[in-house]
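Structural features, examined
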Amino acid sequence: MIDLYTWTTPNGRKASIALEELGLPYTVHPIDIGKDEQFKPEFLNISPNNRIPAIVDRENGINLMESGAILIYLADKTGKLLPKSGDGRYRVLSRGSLMRSVGVSLNRVRVGYIV
Ligand SMILES: N[C@@H](CCC(=O)N[C@@H](CS)C(=O)NCC(=O)O)C(=O)O
């Protein structure tokens, strides 16, 4: 189970979309950045840069902030959307398509990989 700390912004949506696409079970913890909830000490323990999204993977205690890092972690955890190694992996990462496509351009997702 993954704890997702997020709000209704494009960066927040990236993590939610990835979790849904990958079929991972998760619990949402809303952090209302309009009410400065990102500055609460409990949240700063999870995301020291006071930004959403952030996740905690209860399976292994891994705690991540930054949507790009979260997307790569989730892809690696499931073995989906991002090749494990080799040219394909670096092609996806170098184009920045993993972050862009999951968050904004879902029409670019083809044949199980983001290209
Ligand atoms: N580079 C970060 C940016 C995250 C970000 O800017 N989050 C904004 C909402 S979209 C936020 O939490 N802002 C609250 C603040 O700056 O206090 C990512 O991709 O996760």
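Residues numbered from 1 in each chain as written. Predicted model: local features only at pLDDT ≥ 70, side-chain atom pairs only at ≥ 80, totals over all residues.

Now for the overall build of the protein. Along the backbone of the protein there are five helices and six strands. Listed by position from the N terminus, the elements making up the protein come as β-α-β-α-β-β-α-α-α-β-β. Here the protein holds 115 residues, and 30% of them are scored as buried. Counting only contacts in the protein whose residues sit at least 6 apart along the sequence, the fraction spanning at least 24 positions is 53%. (Helix = DSSP H or I, 4+ residues; strand = E, 2+ residues; numbered from the N terminus. Buried ≥ 20, exposed ≤ 12 C-beta atoms within 10 Å, placed from the backbone. Contact = placed C-beta atoms within 7 Å.)

This brings us to helix α1 (residues 10–22). The terminal C-alpha atoms of α1 lie 18 Å apart, and with 13 residues this matches the ideal 18 Å at 1.5 Å per residue to within 8%. In the segment just after α1, G23 is the residue with positive phi, at about 70°. (Expected span 1.5 Å × (residues − 1).)

A word on the site of the ligand. Around the ligand, a shell composed of T9, N11, I33, Q38, N50, R51, I52, P53, E66, S67 and G68 is seen. Grouping the amino acids of the shell around the ligand by side-chain chemistry returns three nonpolar, six polar and two charged. (Near = placed C-beta within 6 Å. Nonpolar A, V, L, I, M, F, W, Y, C, P; charged D, E, K, R; others polar.)

A sheet is described by the order of its strands in space; here four strands give the open sequence β2-β1-β3-β4, paired in mixed fashion. Because the sheet does not close on itself, it has two edges, and the strands there are β2 (26–30) and β4 (62–65). Neighbouring strand axes in the sheet, compared pairwise and without regard to direction, differ in orientation by 15° on average. Across four bridges, strand β3 (residues 54–57) lies against β4 in antiparallel orientation. Bridge pairing in β4 links V56 to N63. Where α1 meets the sheet, its contacts fall on β1 (2–6), β2 and β3, and the angle it forms with β1 comes to roughly 155°. (Pairing = 2+ DSSP bridges. Axes fitted to C-alpha atoms, helices over the stretch in contact; angles between N-to-C directions.)

Here the focus is the environment of D32. Secondary-structure assignment places D32 in the loop between β2 and α2 (41–46). D32 sits in the exposed class, given 11 other C-beta atoms within 10 Å. Each C-alpha atom, one on D32 and one on I52, is 9.5 Å from the other, the two residues being 20 residues apart in sequence. Among residues more than four places away in sequence, those in contact with D32 are W7 and E37.

A separate point is the nonpolar core. Formed by 22 residues in total, the largest nonpolar core has its most connected members in L4, L19 and I55. In terms of residue count, the dominant contributor to this core is helix α3 (residues 67–78) (five residues). Not counting chain neighbours up to four residues away, the residues in contact with L4 comprise A15, S16, L19, Y26, T27, V28, H29, P53 and I55. (Core = buried A, V, L, I, M, F, W, Y, C linked by C-beta atoms within 7 Å.)

Looking now at the packing of α1 against α3. One can describe the packing of α1 onto α3 by two numbers: an axis separation of 9 Å at closest approach and a directional angle of 5°. For the element pair α1 / α3, the angle class is roughly parallel. Mapping the contact onto sequence places N11, K14, A15, A18, L19 and L22 in α1 and S67, I70, L71, L74 and T78 in α3. (Parallel < 35°, antiparallel > 145°, perpendicular 65-115°, else oblique.)

Here the protein shows a mean pLDDT of 88. Residues at 70 or above account for 83%. Segment residues 104–115: pLDDT under 50, and 21 contacts once partners within four positions in sequence are set aside and those in other chains are kept. (pLDDT = per-residue confidence, 0-100.)

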